[in-house]
Amino acid sequence: MDVLKFLGQALLPEKYYKMSKDELENRVREIKAQMGKELFILGHHYQRDEVFQFSDVAGDSLQLSQIAAKNHEAKYIVFCGVHFMAETADILASDEQVVVLPDLKAGCSMADMADIHQAERAWMKLQEQFGDTIIPITYVNSTAAIKAFCGRNGGTTVTSSNAKKVVTWAFTQKERMLFLPDQHLGRNTSYDLGIPLEQMAIWDPNKDELEFEGNLEDVKVILWKGHCSVHQNFTVENIETIRASEPDRTILVHPECCREVVEKSDLNGSTHYIVETIKAAPAGSKWAIGTEMNLVKRIIKQFPDKDIISLNPHFCSCLTMNRIDLPHLVWALENLIEGKVVNEIAVDKATAKDAVVALDRMLALS
């Protein structure tokens, strides 16, 4: 049998692993030329270069989904990213468009740290504890079901670019905020807005309990106990090493890093902010960047006039993002040419409807 079924995904036929890099790249070019405007390939910033080069547009997850939604000529949207990103693309796409993720195992550890069953249980317990005083906010790096949960309960989504604006709005709606699934972005944003750490609690979804020492009435922010496995790897020790050897090197990190790392860095901001900051920096300036390695390597190539290193020299790339490789991309595209769709990402209508409510609330604030 040429293709076997495994966990809902067809196993990649062996022939694709036997093709050379040149053969795979040429095949992508041929298919893109053959399909023309019917095919639209999205490439996330963290994607490996061998795949990233074929993106019709590149960017952050929500930005890519919004661009795809405006492309009415594309019949097939192939998202070279991770599962939650493809879900968002499907939510915003038209009913006639098909969203494909070349490898269904390209997930996101952070998004997987908050499933809908955990969220519903937490919401019930927190409502019993605090009453109707909480608004749920979710990072766009979350499942469609979690976005829908926030939409149903008066909340919204947030990106690392608009976090301060959205969180400020949240506190005009309710006394307290539940922030899912990344505790670090929630903590860093809230702290920057003047909320002390002493007023932040943590919800542990595995234990179904609130972690907080003190008077519960003082709680303003409830942080879901989740994190990005990539940005978690940047440490205070990394910063101290650079400060000791190269005090003139500017340290720039993503707000998914822990509070201590963000506090000791010189600058922090979204992926877009990081790229634009380096772009505007003077030639010869020295930088240490704390974000995903594929992006850091790409920035180093794009700006050879600047001295750029990774904050963590032993740091690896996003492993789940890297599951999207050339063999899987070619396989997915060849199936489309043959009139077959593999690894389609389709969010059910009810979930999509509630998720759009959450997304629209955010966009109205932007």
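Residues numbered from 1 in each chain as written. Predicted model: local features only at pLDDT ≥ 70, side-chain atom pairs only at ≥ 80, totals over all residues. Heavy atoms only, no water.

Quick look at the sheet that holds strand E7 (residues 134-139) now. One open sheet holds the six strands; their spatial order is E8-E7-E9-E12-E10-E11, and the pairing between them is mixed. Because the sheet does not close on itself, it has two edges, and the strands there are strand E8 (156-158) and strand E11 (209-211). Adjacent strand axes in the sheet meet at a mean angle of 30 degrees when their direction is disregarded. Both strand E9 (residues 176-180) and strand E12 (residues 221-224) contribute to a ladder of three bridges, which runs parallel. When the bridges of E12 are listed, Leu 178 appears paired with Ile 222. (Pairing = 2+ DSSP bridges. Helix = DSSP H or I, 4+ residues; strand = E, 2+ residues; numbered from the N terminus. Axes fitted to C-alpha atoms, helices over the stretch in contact; angles between N-to-C directions.)

Bringing the confidence of the model for the protein chain into the picture now. Taken residue by residue, the protein chain gives an average pLDDT of 92. The fraction at 70 or more is 96%. Considering only residues more than four positions removed or in separate chains, one finds that residues 1-8, a stretch of pLDDT under 50, has ten contacts. (pLDDT = per-residue confidence, 0-100. Contact = heavy atoms within 4.5 Å.)

Glancing now at the environment of Arg 176. Counting through the fold element by element, Arg 176 comes out in strand E9. Judged by relative accessible area, Arg 176 falls into the buried class, the value being 2%. Residues Arg 176 and Ile 222, 46 residues apart in the sequence, show an inter-C-alpha distance of 7.6 Å. Apart from the residues within four sequence positions on either side, Arg 176 is in contact with Phe 130, Thr 133, Ile 134, Ile 135, Phe 171, Leu 216, Glu 217, Val 219 and Lys 220. One polar contact links the side chain of Arg 176 to the main-chain carbonyl oxygen of Val 219, over a distance of 2.8 Å. (Buried < 20%, exposed > 50% of the residue type's maximum accessible area, 1.4 Å probe, protein only. Polar contact = N/O pair within 3.5 Å; in protein donor to acceptor, adjacent residues only side chain to side chain.)

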